[in-house]
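Single-letter residue listing:
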Amino acid sequence: MDRIETARLVLRQPVLADVPALAEINADPEVMRYIGDGSVRTADQTARGIRQVIGDWAERGYGMFSVDRRDTGEYLGWVTLAEPIFLPEVLPAVEIGWRLGRRNWGQGFATEAAREVVRFGFESCGLDRVLSIRHPDNHASRRVMEKLGLHFDFQTTVPAHGLPAMVYSISRSEFAW
Ligand SMILES: CC(C)(COP(=O)(O)OP(=O)(O)OC[C@H]1O[C@@H](n2cnc3c(N)ncnc32)[C@H](O)[C@@H]1OP(=O)(O)O)[C@@H](O)C(=O)NCCC(=O)NCCS
């Protein structure tokens, strides 16, 4: 399955044509504040990232969904299922993550999209557990995790940059189908 529709959104596989809109999002320091060490991405880095995730879909059968508004077709950002390789202690695992352009925050879009991606993970990919990992100060992400039914497991440190991270998870049996 490579396309999911919700009340307001279309979730689809990423394409290279997403690069300009995503590059704009990735260049916003407010968006990137709690991602990795907080640095913004160049357009080249964004293009490389999109090529990588297109390859991931072919290899794994899951990956990043680009998220568009159904009514206007606007590209809002993405929700992804990915391996959290930045946190080796939790592996093997699959993490859900999200990133939207700032002008579209606060309207429930991330939760609406992510709920269907968690369902996709359990229903179509055979996953038993989905993790999500956030910086302790990222309260918008905390709320999305809570609204999806994920629970806090433990706090740890990301080896690459030494910053704290809070690990949440939900199992298939806990998901509110
Ligand atoms: C995280 C993100 C995807 C959320 O997108 P969104 O579409 O605004 O999310 P939703 O509208 O579904 O839910 C956001 C919730 O966070 C709450 N929120 C937002 N900012 C908050 C803050 N500073 N403190 C507390 N709650 C906050 C909102 O009120 C809402 O909760 P509510 O429904 O209980 O009111 C978006 O903020 C984003 O792209 N951030 C930058 C990238 C990022 O940090 N990604 C996650 C890395 S772990």
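The structure presented is a predicted model; accordingly, all values stated were derived computationally and were not measured.

## Some words on the overall build of the chain
So, step 1. A count of helical and extended segments in the chain gives five helices and eight strands.
So, step 2. N-terminal to C-terminal, the α/β element order of the chain is β-β-α-α-α-β-β-β-α-β-α-β-β.
So, step 3. Expected size for 177 residues packed as a compact globule is a radius of gyration near 16 Å; at 15 Å, the chain falls within 12% of this value.
So, step 4. Projecting the C-alpha coordinates of the chain onto the three principal axes gives extents of approximately 40 × 35 × 35 Å.
So, step 5. Across the 177 residues that make up the chain, the buried fraction comes to 31%.
So, step 6. In the chain, the share of contacts with a sequence separation of at least 24, taken over all contacts with a separation of at least 6, comes to 58%.

## Observations concerning the nonpolar core
So, step 1. One finds Val67, Val79, Ala113, Ala114 and Val117 to be the most contacted residues of the largest nonpolar core, which totals 33 residues.
So, step 2. Elements with a minimum of two residues in this core: β2 (9-12), β3 (64-69), β4 (75-82), β5 (95-100), α4 (109-123), β6 (129-134), α5 (139-148) and β8 (164-171).
So, step 3. Apart from residues no more than four positions distant in its own chain, valine 79 is found in contact with Leu11, Phe65, Val67, Ile96, Trp98, Ala113, Ala114 and Val117.

## A short note on helix α3 (residues 43-60)
So, step 1. Over its 18 residues, α3 extends 26 Å from the first C-alpha to the last, a length consistent with the 26 Å expected when each residue adds 1.5 Å.
So, step 2. Within two residues after α3, glycine 61 carries a phi angle of roughly 85 degrees, on the positive side.

## Focus: the pairing of β5
So, step 1. Buried residues dominate β5, accounting for five of its six residues.
So, step 2. Both β4 and β5 contribute to a ladder of six bridges, which runs antiparallel. Following the sheet pairing, alanine 82 is matched in β5 by glutamate 95.

## Let's talk about the site of the ligand
So, step 1. The local shell around the ligand holds 21 residues, among which Ala110, Thr111, His139, Ala140 and Arg143 are the closest.
So, step 2. Secondary structure elements with two or more residues in the shell around the ligand: β5, α4 and α5.
So, step 3. Here the element with the most residues in the shell around the ligand is α5; it accounts for five residues.
So, step 4. In terms of residue class, the shell around the ligand is made up of 10 nonpolar, eight polar and three charged.

## Considerations on unusual backbone geometry
So, step 1. Of note, the bond from leucine 91 into proline 92 is cis; its omega dihedral lies within 30 degrees of zero at 0 degrees.
So, step 2. Structurally, the position occupied by proline 92 is in the loop between β4 and β5.

## Some remarks on the packing of α4 against α5
So, step 1. For the pair α4 and α5, the least separation of the axes is 10 Å and the interaxial angle reads 50 degrees. The angle between α4 and α5 places the two elements in the oblique class. Between α4 and α5 the crossing geometry is right-handed. Across the interface between the two elements, Ala110, Thr111, Ala114, Arg115 and Val118 from α4 touch Val144, Lys147 and Leu148 from α5.

Rules used throughout
Residues numbered from 1 in each chain as written. Predicted model: local features only at pLDDT ≥ 70, side-chain atom pairs only at ≥ 80, totals over all residues. Helix = DSSP H or I, 4+ residues; strand = E, 2+ residues; numbered from the N terminus. Rg over C-alpha atoms; globule rule 2.2 N^0.38 Å. Buried ≥ 20, exposed ≤ 12 C-beta atoms within 10 Å, placed from the backbone. Contact = placed C-beta atoms within 7 Å. Core = buried A, V, L, I, M, F, W, Y, C linked by C-beta atoms within 7 Å. Expected span 1.5 Å × (residues − 1). Pairing = 2+ DSSP bridges. Near = placed C-beta within 6 Å. Nonpolar A, V, L, I, M, F, W, Y, C, P; charged D, E, K, R; others polar. Axes fitted to C-alpha atoms, helices over the stretch in contact; angles between N-to-C directions. Parallel < 35°, antiparallel > 145°, perpendicular 65-115°, else oblique. Left-handed = near helix turned anticlockwise from the far one by under 90°.

The analysis is restricted to geometry; functional conclusions fall outside its scope.
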